[in-house]
Amino acid sequence: MLLNGVRKAAIARNNVADKNDTEYSMTVSLRESVQLVSDPRNLDASVEEVFRLMLGVNCRRESSAPEPEAESVTAVVGFGGLLSGACVFRSGARAALRIAARMTGMEFASLDDTVKDAIGEIGNMLAGAWKGKVPDLAANCGLSVPAVITGRDYNLHVQAPEFQLHHIYRFEDAYFEVTIVCDGLQ
Amino acid sequence: MHEIRTLIVDDSSVMRKIVERSLRQAGLDPLVVHEAGSGTEGLDVLRTESVDLILSDINMPSMDGLEFLRQIRAQNLAPGVPVVMITTESSEEHVKQAILSGARGYIRKPFTAEQVKERVLPLLNAKAA
């Protein structure tokens, strides 16, 4: 439900942005470059770039994460246009507080509005950096504004995606997950 | 020294603070910062405040950065004031749209303070000349 709303917002935004470029958009297809679009190295490079430039930390990809914390935060940024889907950032509360502190130079004790705002921006930058790795995607795929969810014991499900990338990363002792879900490719 | 009056428009308060911090790290001092959470709020600020520089996000709810830019020009607010777009959108097409709408510069998120300095200082120096 949430993914549908975020995705519709991204599609609407992309339609407005590209209203003068309909002819060009109709001639571009990502089907032929699906290997490039779904290259997992693009996601790793995007995460590394965003965290290095905005937080001043180096991230390392991990094969597994420790037991999830009960309280977590998720940022969802929808893609619309030639590719539809979403970029989903998820972390436990401790990592989210650490990320927000690094971004703002402030300390936080709980997942307040500033922390959620910071995590939403991380999701936004990850989505933008990831789609920017493929020129046709950068030009023909819009982003929604981020939706941020906090709570305990919830999961996000997408049925039968075209492809999905799910990576776990770590900086210092903070773990987080980034998922790219593509459920439509033109 | 003449103070540098800046308007930062972004729906994220965290990003507004990061942009402000980058401007200070770029050596803009003394700096007066006005903040707005949307294009609509940004227009309201420009109706009452005089600024030397505008930095705006593009991807915002209600009024996005490109429409904000068009409205600044259409309403003749802040004439001659350079506008720099700061956004996650990085394709040549997006840059072209921003420039055609009247932007004088473009900074892609994520960014460094050095990149902000490189884009902003020449515009302020040109305005002051």
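Here the structure is a predicted model, which means the values were calculated and not measured.

Enquirer: Just to check I follow, could you spell out the overall build of chain A for this structure?
Expert: Assigned secondary structure in chain A consists of seven helices and seven strands. Going from N to C terminus, chain A has its helices and strands arranged as α-α-α-α-β-β-β-α-α-α-β-β-β-β. Of the contacts made within chain A by residues no fewer than 6 positions apart, 71% connect residues no fewer than 24 positions apart.

Enquirer: What am I meant to see in the overall build of chain B here?
Expert: On a plain count of helices and strands, chain B comes out with five helices and five strands. Going from the N terminus to the C terminus, chain B shows its helices and strands as β-α-β-α-β-α-β-α-β-α. For 129 residues, the compact-globule formula gives about 14 Å, and the C-alpha radius of gyration of chain B, at 13 Å, lands near that figure. In terms of its C-alpha atoms, chain B occupies a principal-axis envelope of roughly 35 × 30 × 30 Å. Going through the 129 residues of chain B one by one, you find that 43% of them count as buried. Counted over contacts in chain B with a minimum sequence separation of 6, partners at least 24 positions apart contribute 66%.

Enquirer: Quick question: what am I supposed to make of the interface of chain B and chain A here?
Expert: Accessible area lost on assembly of the parts is the figure often given for the size of an interface. Between chain B and chain A, the residue contacts involve 18 residues of the former and 22 residues of the latter. Tallied by class, residues from the side of chain B that touches chain A come to six nonpolar, seven polar and five charged.

Enquirer: Looking at this structure, I do not really get unusual backbone geometry. What am I missing?
Expert: Most of the time, phi is negative for any residue but glycine, and the peptide bond is trans. The omega torsion of the bond from D29 of chain B to P30 of chain B falls at -5°, within 30 degrees of zero and hence cis. Cis geometry marks the peptide bond from K109 of chain B to P110 of chain B; its omega dihedral reads 0°. Among the structural elements, P110 of chain B can be located in the loop between strand 5 (105-108) and helix 5 (113-128). Backbone geometry at A160 of chain A places phi at a positive 45°, although glycine is not the residue there. Along the chain, the position of A160 of chain A falls in the loop between strand 5 (147-152) and strand 6 (163-171). Even without being a glycine, S62 of chain B presents a positive backbone phi close to 65°. Looking at the secondary structure, you find S62 of chain B in the loop between strand 3 (53-56) and helix 3 (65-74).

Enquirer: Just checking my understanding: could you explain the packing of helix 4 (residues 40-55) of chain A against helix 6 (residues 113-132) of chain A for this structure?
Expert: Relative placement of two packed helices is described by the angle separating their axes and the distance separating the axes. Residue and element names in this part refer to chain A. Interaxial distance between helix 4 and helix 6 falls to 9 Å at its minimum, and their mutual angle equals 135°. In terms of orientation, helix 4 and helix 6 fall into the oblique class. Here the hand of the crossing between helix 4 and helix 6 comes out right-handed. In this structure, helix 4 contributes N42, L43, S46, V47, E49, V50 and M54 to the contact, and helix 6 contributes I122, M125, L126, A129 and W130.

Enquirer: Would you explain helix 2 (residues 39-48) of chain B in this entry?
Expert: For an α-helix, the turn length of 3.6 residues means that residues three or four places apart are oriented alike. All names here are of chain B. Among the residues of helix 2, those classed as buried are G39, G42 and L46. For helix 2, the arc enclosing every buried residue in end-on projection is 55°, short of the 170-degree limit, so these residues lie on one face. Along helix 2, the residues that are exposed and aim more than 90 degrees away from the buried face are D44, R47 and T48. In this structure, the buried residues of helix 2 make contact with strand 1 (4-9), strand 2 (31-36), strand 3 and helix 3.

Calculation notes
- Residues numbered from 1 in each chain as written.
- Chains lettered and ligands numbered in written order.
- Predicted model: local features only at pLDDT ≥ 70, side-chain atom pairs only at ≥ 80, totals over all residues.
- Helix = DSSP H or I, 4+ residues; strand = E, 2+ residues; numbered from the N terminus.
- Contact = placed C-beta atoms within 7 Å.
- Rg over C-alpha atoms; globule rule 2.2 N^0.38 Å.
- Buried ≥ 20, exposed ≤ 12 C-beta atoms within 10 Å, placed from the backbone.
- Nonpolar A, V, L, I, M, F, W, Y, C, P; charged D, E, K, R; others polar.
- Axes fitted to C-alpha atoms, helices over the stretch in contact; angles between N-to-C directions.
- Parallel < 35°, antiparallel > 145°, perpendicular 65-115°, else oblique.
- Left-handed = near helix turned anticlockwise from the far one by under 90°.
- Arc of directions from axis to C-beta.

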